[in-house]
Structure formats: C-alpha cells, structure tokens
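Okay, here's what each chain looks like letter by letter:
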Amino acid sequence: VQDGCDYHCSYCTIPLARGKSRNMPVTSIVAQARAIAAQNIKEIVLTGVNTGDFGRSTGEKFIDLLRALDAVEGVERYRISSIEPNLITDEIAHFVASSKKFLPHFHIPLQSGSNRILGLMRRRYSRELFAERIDMIRKLMPDTFFGVDVIVGFPGETEADFMDGYNFIREVNPAFLHVFPYSERPNTDAALMPGKVDPGEIKLRADRLSALSDELHRQFYVSRTGQVHRVLLEASHKSGLMFGFTKNYIRVAVPYSGSLAGKVVDVRLAALNPNGYMDGELMLL
C-alpha cells in the first residue's frame, strides 16, 4: 500500500533505492481489496517500505485506509505487516482493538534496545516510547502477538550495549524476534562509523538473540494452551495435516479435510508440537 521512505536511518539505502514515501489513494486500494474478496480470499496483509507513513503523497492518513478497508465486504481478516513504533497512534491502536477484521498482530521494528545505539542509527524513537506503545496495545488487546526486528553488531555496539538491549527485549516480552546481523551498505553513514564489531562476535550475539526468540515464542504458544481460537485453514496439507493461523498468529495443525480449506473455524489449542506449531482440536460444527 506504500513505497519509498523519507527517513534516513544511518544504515539504510532504501531512500536512495526506492525514493520518497508515496502511495496510491485509498479508493484505489479499496478497489483492489474488493477484487481480492471476489476471489474468495479471506485475509489480506497490508505492507510497504514504511507502512504507517501511508498518505504522504495523497494527503490521506493510514487510519483513513484502515477504516475504508474495514468496510469492504467479503474480507474477514487484515494484518498490518510492519509499522514503525512512532507511527502507531492511539487512534490506530483503538481502531484495531474495536475492529472485527483487523487482527491483534503487530510487527514493530525496534532495531536496538539500547538508546545509545538507536541514536547512532538515527531512529525516530527511544526505547521508552517503544515500550509505551507495546504496553498501550496490550492494555487494549492482551492477547496480541508482537514480532520485533532487531539488528545486532551495529558499529560501536559494545557488549554492554548488546546486553542493555537484550535485557530490554526480555522485559518487553514480544512473541518473536527477526534478528538481522548488521551488514554494511555502501553510501551509508554507518559504513564510515568507527567501532566495527568483529563478524564472529556479531554471529554470537545473533545466536543469543535467536535463542531468546525461540524461548519467547514457545512461551507465547504454551501460555495459550486450552484456548479456543478462530483459525483460517490453508488448502495445502502435509502428513495428513492442514495448517492455519489464529488471529494472533499462532500456527495450528488439525487433521486434513479438503472441505475446510479456506474456511475460518473454531479450534482448541491442545498442545505444543515438538515441530513448533500447536496441535489443534476442531470444535464440532
């Protein structure tokens, strides 16, 4: 729904490669959503380079788009793929909480849990603002799944900075981390910064965060055991099972039935499977 970016984070080449933030008008995107609904597709994911910055080129706002899409008949679910913490307004959070279609699933870039490193990255928020946004959403939607992007090994990141960020992430307690080892990009300010981190150390830090992600993800799943959730089941199947996702992005497996493909059904989350998904029990229709 959006392309380009007006931000100039010190490590990123997107503004050079993709240009300024721009978007199609709300009316055009609504027309696309209606066309998708006509194909009997139940879920749409809104994505962009800087999704929450939607509206800069049309004089509209992201909340305008959300409200318009919410009214499209035939689409049962929307997910917001990624949105900067400083662009999650109270209005957006309250709207998602009240909507029957927008799901309690937020992917929010953090990049570092250290305010010092966030400053070097030229991010537009502090970790305090990030935590406040998470807390605000949780109060409205306690069952929300939070995915978080994190970069490790940014130039100048010391072990103390890393642990500062690590402990902050554990305190915020998201459900999943996307961990990115820092990779130098030409024509960025970060490429010229002192304090380059040894590649071996970057890998060790990335591994530590990945292990934390596995722990947090498992805890999120296990804590929902026994709950009944609405699950959109997919058509593909494997070893006699079909899979789908709850509103809050828990992957669930149930016995395969072709008649259920593409349908939203009630499933009880029975137990965490060793392969990382939840075994589900279909509630009788």
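Structure first, text after, so check above.
Counting restarts for each chain, with residues numbered from 1 along the sequence as it is written. Residues qualify for local features only when their pLDDT is at least 70, as the model is predicted, and side-chain atom pairs are given and counted only at 80 or more; totals for whole chains, interfaces and linings, by contrast, use all residues. Only heavy atoms go into the side-chain values, all of them from the structure, while hydrogens and water stay out.

For Ser21, the position within the fold is in the loop between helix H1 (14–18) and helix H2 (26–38). There is a polar contact of 3.0 Å between the side chain of Ser21 and the side chain of Gln2. In this description, contact between two residues means that some pair of their heavy atoms is separated by no more than 4.5 Å. If we ignore the near neighbours within four places in the chain, the residues touching Ser21 are Gln2, Asp3, Gly4, Cys5, Asp6, Asp53, Arg56 and Ser57. Secondary structure elements are taken from DSSP: a helix is a run of H or I of four residues or more, a strand is a run of E of two residues or more, and numbering for both begins at the N terminus. Whenever a nitrogen or oxygen atom comes within 3.5 Å of another N or O atom, the pair is scored as a polar contact, on the condition that within protein one atom can donate a hydrogen and the other can accept it, and that pairs from neighbouring residues in sequence are kept only if both atoms are in side chains.

When DSSP finds at least two bridges between two strands, those strands are taken to pair. Pairing is mixed around the closed barrel formed by 5 strands, whose spatial order is S6-S7-S8-S10-S9. On average, each strand axis in the sheet is tilted by 50° relative to the strand beside it, whichever way the strands run. Sheet topology note: the strand S7 (residues 241–246)/strand S8 (residues 251–255) ladder contains 5 bridges and is antiparallel. Within S8, the position partnered with Gly244 by the bridge is Val252. Helix axes are fitted only over the stretch in contact, all axes being lines through C-alpha atoms; the angle between N-to-C directions runs from 0 to 180 degrees.

Criterion for a salt bridge: a side-chain nitrogen of Lys or Arg within 4 Å of a carboxyl oxygen of Asp or Glu. Evaluation of the coordinates by the stated rule reveals 24 salt bridges. For Glu43, the salt bridge is made with Arg79, and the minimal N-O distance between the two is 2.8 Å. In this pair, Glu43 is assigned in strand S1 (residues 43–46) and Arg79 in strand S2 (residues 77–80), connecting sequence segments 36 residues apart. On the accessibility criterion, Glu43 (22% relative accessible area) is partly exposed. Among the salt bridges present, the one from Arg205 reaches Glu157, with a minimum N-O distance of 2.8 Å. Of the two residues, Arg205 is situated in helix H8 (residues 199–222) and Glu157 in the loop between strand S4 (145–152) and helix H7 (159–172); the sequence distance between them amounts to 48 residues. Beyond isolated ion pairs, a larger network of salt bridges with shared partners links Glu157, Glu159, Glu201, Arg205 and Arg208. Here the term buried applies to any residue with accessible area under 20% of the maximum for its type, exposed to any over 50%, and partly exposed to those in between, with areas from a 1.4 Å probe on protein chains only.

On to the sheet that holds strand S5 (residues 176–181), then. Strand order across the open sheet formed by 5 strands is S1-S2-S3-S4-S5, with parallel pairing between neighbours. Since the sheet does not close on itself, it has two edges, and those belong to S1 and S5, each with one partner. Averaged over all pairs of adjacent strands, the angle between their axes in this sheet comes to 15°, without regard to strand direction. In this sheet, S2 lies alongside S1 in parallel orientation, the contact comprising 4 bridges. In the sheet register, Ile44 faces S2, and the bridge partner there is Tyr78. Seen against the sheet, H8 touches S4 and S5 and runs at an angle of roughly 170° to S5.

A few words now on the side chain of Asn273. Position of Asn273 among the secondary structure elements: in the loop between strand S9 (264–272) and strand S10 (278–282). Asn273 sits in the buried class, given a relative accessible area of 13%. At a separation of 3.2 Å, a polar atom in the side chain of Asn273 contacts the side chain of Asp279. When near neighbours in sequence (up to four residues on either side) are disregarded, Asn273 contacts Met278 and Asp279.

Time to look at unusual backbone geometry. With a phi angle near 75°, Gln111 is a residue other than glycine that sits in the positive phi range. Among the structural elements, Gln111 can be located in strand S3 (residues 102–111). Judged by relative accessible area, which is 9%, Gln111 ranks as buried. Located in the positive-phi region is Asn187, a residue other than glycine, with phi close to 65°. Summarising the element assignment, Asn187 is placed in the loop between S5 and H8.

On to the environment of Lys101, then. Residue position: Lys101 is located in the loop between helix H4 (90–98) and S3. With 132 residues separating them in the primary sequence, Lys101 and Leu233 have C-alpha atoms 16 Å apart. The residues touching Lys101, leaving out its near neighbours within four places in the chain, are Asp70, Ala71, Val72, Glu73, Val75, Glu76, Arg77 and Tyr78. Engagement of the side chain of Lys101 in a polar contact is seen with the backbone oxygen of Asp70, the distance being 3.2 Å.

This part is about the packing of H2 against helix H3 (residues 62–70). For the pair H2 and H3, the least separation of the axes is 10 Å and the interaxial angle reads 30°. Crossing angle aside, the handedness with which H2 passes H3 is right-handed. Listed contacts from H3 to Val26, Ile29, Val30 and Ala33 of H2 are Asp64, Leu65, Ala68 and Leu69. In this classification, Asp, Glu, Lys and Arg are treated as charged, Ala, Val, Leu, Ile, Met, Phe, Trp, Tyr, Cys and Pro as nonpolar, and every other residue, Gly included, as polar. Of the residues belonging to the contact of H2 with H3, the class tally is 7 nonpolar, no polar and 1 charged. Crossing handedness is defined as follows: a turn of the near helix away from the far one that is anticlockwise and smaller than a right angle gives a left-handed crossing, while the clockwise case is right-handed.

Purely geometric numbers; function is a separate question.
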